[in-house]
Amino acid sequence: MKKNPASPRCYYKTMPSPVGRLTLVANDRGLAAVLWEDDDPKRVRLGDLQENKTHPVLVETERQLRDYFEGRLEKFSLKLDFTGTEFQKQVWAALLTIPFGETRSYAQVAEQIGNPAAVRAVGAANGRNPISIIAPCHRVIGSNGKLTGFAGGMEAKAFLLKLEARELDLRQ
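Now for a look at the structure at hand. Keep in mind that what you see is a predicted model, and the values were worked out from it rather than measured. (Residues numbered from 1 in each chain as written. Predicted model: local features only at pLDDT ≥ 70, side-chain atom pairs only at ≥ 80, totals over all residues. Heavy atoms only, no water.)

Within a regular strand, side chains alternate between the sheet's two faces. For strand E2 (residues 22-27), the buried fraction is high: six of the six residues fall into the buried class. Neither face of E2 is open: one carries Leu22, Leu24 and Ala26, the other Thr23, Val25 and Asn27, and all of them are buried. Of the pairings in the sheet, the one linking E2 to strand E3 (residues 30-35) comprises five bridges and is antiparallel in character. In the sheet register, Ala26 faces E3, and the bridge partner there is Leu31. Between E2 and E3, which pair antiparallel in sequence order, lie two residues. (Buried < 20%, exposed > 50% of the residue type's maximum accessible area, 1.4 Å probe, protein only. Helix = DSSP H or I, 4+ residues; strand = E, 2+ residues; numbered from the N terminus. Pairing = 2+ DSSP bridges.)

Another point: the sheet that holds E3. Reading across the sheet, the four strands line up as E3-E2-E1-E4 and stay open at both edges, with mixed pairing between neighbours. Looking at strand neighbours, the two that pair on one side only are E3 and strand E4 (49-51), the edges of this open sheet. Pairs of neighbouring strands in the sheet enclose a mean axial angle of 35°, with direction left out of account. Sitting on the sheet, helix H1 (residues 56-69) touches strand E1 (10-15), E2 and E3, and the angle it makes with E2 is about 140°. (Axes fitted to C-alpha atoms, helices over the stretch in contact; angles between N-to-C directions. Contact = heavy atoms within 4.5 Å.)

With that out of the way, let us pick up unusual backbone geometry. Of note in the backbone geometry, Ile133 takes a positive phi value of approximately 70° without being a glycine. Position of Ile133 relative to the elements: it lies in the loop between helix H4 (119-127) and strand E6 (140-141). Ile133 sits in the buried class, given a relative accessible area of 1%.

Note that every value here comes from positions in space, so none of it alone points to a role or purpose.
Next comes the structure, spelled out in structure tokens:
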């Protein structure tokens, strides 16, 4: 059977973190996902995964995430392999431009991608971000400055923002 080049074989490993067990997923093109412990399997569809604790992308991702959680890393330098629609990829690319310790509203992200009316669609794309933490969807908050939905849970979102030392209204 011919292998589909659009869907490369994916490998995974898990790692403990202050926000729960994370599942790191990569292929030979780069990091494909960082999934939460209780992630909805329909949120990010990856197909069959093969465990590989020594895959170089996964080993480097774990190292950088540990450094991030220990306060030694503010910007990730990993090759990413996003799978999604063109609109989702635009939103996820915009997430990568939000500096450490800063936040943006969904409306600001919609403006940034040149589609100011797409606030709800930006929210939906943000919720399907497959590469959590590294593509920092936790840095997107409501226009009122309050935390809004997050695949990893509101407690994890608050933790990540506090880790980045942002003074925010962390009430839901």
